[in-house]
Amino acid sequence: MEWIRQKLDKIKEPFAPGKKYEKYAPAVNAIDTFLFTPNHTTQKGSHIRDAVDLKRTMITVVLALVPVMIFGMWNAGYQYYSQLGEAFTFWEALGHGALKFIPMIVVSYAVGLGIEFAFAIFRGHEVNEGYLVTGLLIPMIMPIDLPLWMLALSVVFAVLVGKEAFGGTGMNILNPALTARAFAFFAYPTYMSGNQVWVSEASKVDAVSGETILGSLAAGDNVSYGMMDMFYGIIPGSVSETSTLLILVGALLLILTKVGSWRIMLSAVIGAIAMGLIFNALPSLGIPGNELTNFPWYGHLIVGGLAFGIVFMATDPVSAAQTMKGKWIYGFLIGFLSVMIRVFNPAYPEGVMLGILLMNVFAPTIDHYVIQSNIKRRKKRINADNTQVKTAV
Amino acid sequence: MSKDIRINRGLSLKLEGEAEKELVKAPRSKTYAIKPPDFHALVPKMVIKEGAKVLAGDELFFSKYTNELRFTSPVSGTLKQIKRGEKRKIMEVIIEADPEDTYKDFGKMDAASSDAEAVKQRILESGCGAFINQRPYDIVADPKDTPKAIFISAVSTAPLAPDWGFILKEKQAAFQEGINALKKLTPGKVHLGVDASSAQYLKDIKGVELHNVKGPHPAGNVGVQIHKIDPINQGDRVWTVNPEDVTIIGNLFLTGNYIADKTVAVTGSEAANRKYFATKIGGEVADLINKVDEDVRIISGNVLTGLKLAYDQHISFFSNEVTLIPEGNNYRAFGWLPFTYNNIHSNSRTSLSFLFPNRKFKPTTNLNGEERALVVTGEMEEVLPMDVYPMQLIKACMAGDIEKMENLGIYEVAPEDFALVEYVNTSKIEIQDVIRLGLDLMITEVG
């Protein structure tokens, strides 16, 4: 390690302040700080600091994503081979998925980090780690057959318009990963929805039906999967969304490490259940409803991207509400709206993307009113104080 | 008549290197220094020249904008040097001490039965006005103001903080007299925060409103206690005094002399002789600690709010503590990997240090990361037990938005209240500095 350190110091020499390549220092620093936590010390204020930093936080989220990702790759292969009716082994399934999915990750990171590095150099700040998570999330929520150039374009849109236009990491209003998905969704609808996209190479093989559960429900068809299949995730869908079980494992890691807000997760689940129960209650009110409204409330939690969205997207601290009370309201509305959109609008079988993006937009408003109540309390105190003085005089 | 304050949110850091409860008389320093930068926003004006003889209690300088506010010599001796910094700003006023102190005689006075104005004058002319701090803004109190209350916190919750119970043990009479004097300065109450470890007599002190404080750091911070007892509103002035400084004021009235005794605890993992030292204000730090090199950080104060000192410098005016911890200017390979380097404490759970709640940590001055944009939410609220939105207030301070700062409660906070917020902050931003700059802006714009 000592040897690498010395090499690095040597490489970094021309990038030091006042030297020739000073401007490009953020790029070299990003690589250096990836290998070594720097030797920076505190100067004033608190002389000691917590072990946590943004890299640690972000890597924890990546760790939480890994089980879901590996399962998702296997499931992509499983869906492909099983629908073809061919015999296959575990490794063949995983291999098929990996061959499809790893190029997506590479493209996402290459394009996204490229832009991040460029902006860091241009603006003269260090490279922020936010994209480590975003860059993995984006391929995970896209259909596995999405052409790589479309993926690249979505990443460009998400990072440029979704993030850097607002001032970079920490300033964005919308969740960048969902911005990428929304862009692809509206720009290339045929690649992003329908019953041909959710199983690998379904469009090339006529016999394959790659319909997702929400898709079949919206079409009024019967669902051919059992609830446990849905929970374990052996169903068509994007890499991230199918296995509720492994999403829960990720959620557990996020909650235990306090990286993800359990308040948002819990309230979103409550919101989704509330909306699901309302729809389920329709028949007893004399309204027959349809396949989607009659889909049991607990089913809504385990199909589609709801679970993944709640655990990994809604909890993005930058685009979520930032106050404690705000988080409860924000989470509840995400769950509530996601199920509502999902049921009411069959054109968008996946409501969670729109639900979260909508609440991203409203999060600052929620925070505003939460903070206003704090301000009002403070002003009331002043008024109470003043009247006291008056009566005393 | 006591009221309880229970603090739930916060963080008591357990660190290696507590001071042994043994009081040792420190050797008399060759020089003592009063450092004007210890009094934030003060513009000093010298009254004597280098080479002049002073008695303990003789005036050295006063505040240019508040002439009544005088700063006096803690010892008798000769004014050796006026150290100046950039733009000829006075950094240190150094006095070469006589072997024995001779005191200026202000005359004995019974504070309780004296006229309020006379008490105030006595405090000001002896230089004891310097001990009185004002909230909002956390600056030296302006004697022209009338505070709505005076707050004293005899609770120490800061990491490795000196135990007030031990420091005040033998000083009952002086403390009571100090309270009697302070009572004359306000039409309101004098609030005293104590906890289970406080000296028994503190609970029997007359003339104060007693508050039993329980909970983790920052429960001992006077700002947090003010917030719970009687929060500061716009336009309010409250004053705060450190408990040991109350006894200096008390001794002034009892003896007629300005006896600048300070008990300084030497703490921290790198300190060899960890004890309580009886010394005078502004003594040389070298007289209390072992010889250390560049790889040890000397802090005047505690690890969260103290000031960096060099080995040949003098202890800060308000410090009751000197802390020695290792410098952390080394690289750590892959330091960002979660659940590694568990020997470094973390309030987040990305380190396994939370599994050892009773372990004493040995922190270094390493930043453990680099400065980043504010991303993580919720971590600040966990360690700030105030009805204040920390992240929003910090952003308002950064933006210099005065109205927002006012609305979000800038008057109620001091940099030290944000020390833990700064400690846990994932983005490694110097938050105490941000709050200080915000307060400075309020001073110039609102006053």
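Residues numbered from 1 in each chain as written. Chains lettered and ligands numbered in written order. Predicted model: local features only at pLDDT ≥ 70, side-chain atom pairs only at ≥ 80, totals over all residues.

When its secondary structure is counted, chain A shows 17 helices and one strand. Counting the 393 residues in chain A, one finds 50% classified as buried. Look at the contacts in chain A between residues 6 or more apart in sequence, and 70% of them connect residues 24 or more apart. (Helix = DSSP H or I, 4+ residues; strand = E, 2+ residues; numbered from the N terminus. Buried ≥ 20, exposed ≤ 12 C-beta atoms within 10 Å, placed from the backbone. Contact = placed C-beta atoms within 7 Å.)

Secondary structure summary: chain B contains nine helices and 21 strands in total. In terms of overall dimensions, chain B is globule-like: its C-alpha atoms have a radius of gyration of 21 Å, near the 22 Å expected for 447 residues. Taken over 447 residues, chain B has a buried fraction of 56%. Within chain B, contacts between residues separated by at least 24 positions form 69% of all contacts whose residues are at least 6 apart in sequence. (Rg over C-alpha atoms; globule rule 2.2 N^0.38 Å.)

Here we come to the interface of chain B and chain A. Opposite the 63 residues of chain B that make contact, chain A presents 51 residues. Elements with a minimum of two residues in the side of chain B that touches chain A: β18 (296-300), β21 (332-333), α6 (390-399), α8 (419-424) and α9 (431-445) of chain B. The element that contributes the greatest number of residues to the side of chain B that touches chain A is α8 of chain B, accounting for four residues. Of the residues belonging to the side of chain B that touches chain A, the class tally is 24 nonpolar, 26 polar and 13 charged. Two strands pair when backbone bridges link them, and strand β1 (residues 36-37) of chain A and β21 of chain B are joined in this way by two bridges, in the antiparallel orientation. In the strand pairing of β21 of chain B, F36 of chain A is matched with A333 of chain B. (Nonpolar A, V, L, I, M, F, W, Y, C, P; charged D, E, K, R; others polar. Pairing = 2+ DSSP bridges.)

Turning next to the nonpolar core. Y330 of chain A together with I150 of chain B are the most contacted members of the largest nonpolar core, which has 224 residues in total. At 14 residues, helix α3 (residues 54-84) of chain A tops the list of elements feeding residues into this core. The residue makeup of this core includes at least three contributed by each of domain 1 (2-27 + 98-255) and domain 2 (367-445) of chain B. Leaving out residues up to four positions away in the same chain, Y330 of chain A has contacts with I264, A320, A321, M359, A363 and I366 of chain A. (Core = buried A, V, L, I, M, F, W, Y, C linked by C-beta atoms within 7 Å. Domains from an automatic or database assignment.)

Moving on: the sheet that holds strand β6 (residues 59-63) of chain B. All names here are of chain B. Spatially, the three strands line up as an open sheet ordered β4-β6-β7, and their pairing is antiparallel. Two strands close off the open sheet at either side, each with one partner strand: β4 (44-46) and β7 (70-72). Strand after strand, the sheet turns through a mean of 30 degrees between neighbouring axes, direction not considered. Pairing of β4 with β6, which is carried by three bridges, proceeds in the antiparallel orientation. (Axes fitted to C-alpha atoms, helices over the stretch in contact; angles between N-to-C directions.)

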